Amino acid sequence: MLSSLAKNKVSRRDFMKACAAMAVYLGLSESFAPKIADAVENASKKAPVIWLEAQDCAGCSEAFLNLTEPTPTQIILDTISLKYHETIMFGSGYVADKALDEAMKTPGYVLVVEGSIPTADPLFCTAGTMSDTNPARRPVVETLKEAYKNAAVVIALGSCASWGGVVQATPSKGRGVSDIVGKEKVINLPMCPCNPDHLVGTLVYYLTFKKAPPLDIHQRPLMFFGTLIHDNCPRRGHFERGEFVTNYGDPSQAEYCLYLKGCKGPFTFSDCPSRGFNDNVNWCIKSNAPCAGCSQPEFYAGFSPLYEKSNDVNLPGIGGVPSETVGTVAAAVTALGVAAHLVGRSVFGKKKEGDK
Ligand code: SF4
Ligand code: SF4
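Where an unreviewed UniProt entry is consulted, the chain appears under the name Hydrogenase (NiFe) small subunit HydA, with the organism given as Thermodesulfobium narugense DSM 14796. UniProt, in the comment section headed Sequence similarities (unreviewed entry), describes the chain in these words: "Belongs to the [NiFe]/[NiFeSe] hydrogenase small subunit family." Under the UniProt heading Subcellular location (unreviewed entry), the entry covering the chain gives this text: "Cell envelope".

Listed below in structure tokens is the structure:
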């Protein structure tokens, strides 16, 4: 919108006013207006990014906006040229539609997609109008197909854009970006929400090497999704000893393994144990919640019910014992520990993504 003001010979004074308003929208003081003006005027030198939102909760946008190092402001103003983002952009309505149409005309941009794409009926998710003269709602699936054509690379951000996520199970039959446009240019950065470090790291890699980082079979960067959570989990020792949380109210189980509470860590590839969220302040298992497997294509329906032990792996020695009693029968712990240790080695082992 600001660049369109500049192009349309809006006075410098009005342009600076718009920049000041933009600063306020970004949660900055008006003193950032000159920096924003500079960023807009030099936008052509930076990597253009179009960020579409489909069936989403804007959680991935919010996760990105909570980055602390680098800050979203540094990325938006200094590193990329954000052409379109429904939630944080200054313009709206006709002006926003126009900005998107303009941005899609120049090939070579990075396309970020957040949210799943409805396949039951395109009208489940629309944004903007078809054109200046056609006021019909524009289905986001059409916008995605249009934006895909001139994109250099596509980042499917979050589980919904990667594979449909939670929305997969709704009447809209939400699907991932690859299901609509194919895999060729798509990098999946799943998780619910995405880890913003993964987005920044992928952007930096792409801008530096002008190609996608090495990906696994699910189109995820191996540098972030190459290891099993279970292999690096700080509670792995308790798993090996058969010490499982069965009662959240029991302080003696506070640090025990969450497998019996539904933890999907043994089936989930991500660097959560080492990276965490928000400057590694916390992550699911550290906060005593089982991993829901949000970085996997199975999430959410395939891992449901999330808070029950997965039936995929039977733990000999534990299978016949009601989970409520495991961990509370002191005499059983040692035997269970031996069994769980053996099972942990033979069933889960030390997996790498290539082993899948
Ligand atoms: S099952 Fe979950 S909590 Fe237990 S060791 Fe594995 S990843 Fe950690
Ligand atoms: S621990 Fe599991 S549920 Fe939590 S963010 Fe990581 S992959 Fe997702």
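Now that the structure is up, let's keep going.
Enquirer: For this particular structure, what's the right way to read the site of ligand 2?
Expert: Taken together, the residues surrounding ligand 2 are M191, I229, T268, C272, F277, W283, C284, C291, A292, G293, C294 and S295. Most atoms of ligand 2, that is more than half of them, are within 2 Å of grid points of the second largest pocket. When the residues that make up the shell around ligand 2 are grouped by side-chain class, the tally is nine nonpolar, three polar and no charged.

Enquirer: What am I meant to see in the sheet that holds strand β7 (residues 151–157) here?
Expert: Within a sheet, neighbouring strands are paired by backbone hydrogen bonds and run either parallel or antiparallel to one another. On the basis of which strands lie adjacent, the open sheet formed by five strands has the order β2-β1-β3-β7-β9 and parallel pairing. The sheet is open, and its two edges are formed by β2 (80–85) and β9 (186–189), each paired on a single side. For this sheet, the mean inter-axis angle between neighbouring strands, taken without regard to orientation, is 20 degrees. One ladder, built from six bridges, connects strand β3 (residues 109–114) with β7; its direction is parallel. Directly across from V112, in β7, lies its bridge partner I155. Sitting on the sheet, helix α7 (residues 140–150) is in contact with β1 (47–53), β3, β7 and β9, with an inclination near 155 degrees to β3.

Rules behind the numbers
- Residues numbered from 1 in each chain as written.
- Chains lettered and ligands numbered in written order.
- Predicted model: local features only at pLDDT ≥ 70, side-chain atom pairs only at ≥ 80, totals over all residues.
- Heavy atoms only, no water.
- UniProt positions renumbered as here; feature names shortened; annotations may be inferred.
- Near = heavy atom within 4 Å.
- 1 Å grid on protein atoms, 1.4 Å probe; cavity = no way out; pocket = protein on both sides within 12 Å on 5 of 7 lines; lining within 4 Å.
- Sits in = over half its atoms within 2 Å of the grid points.
- Nonpolar A, V, L, I, M, F, W, Y, C, P; charged D, E, K, R; others polar.
- Pairing = 2+ DSSP bridges.
- Helix = DSSP H or I, 4+ residues; strand = E, 2+ residues; numbered from the N terminus.
- Axes fitted to C-alpha atoms, helices over the stretch in contact; angles between N-to-C directions.
- Contact = heavy atoms within 4.5 Å.

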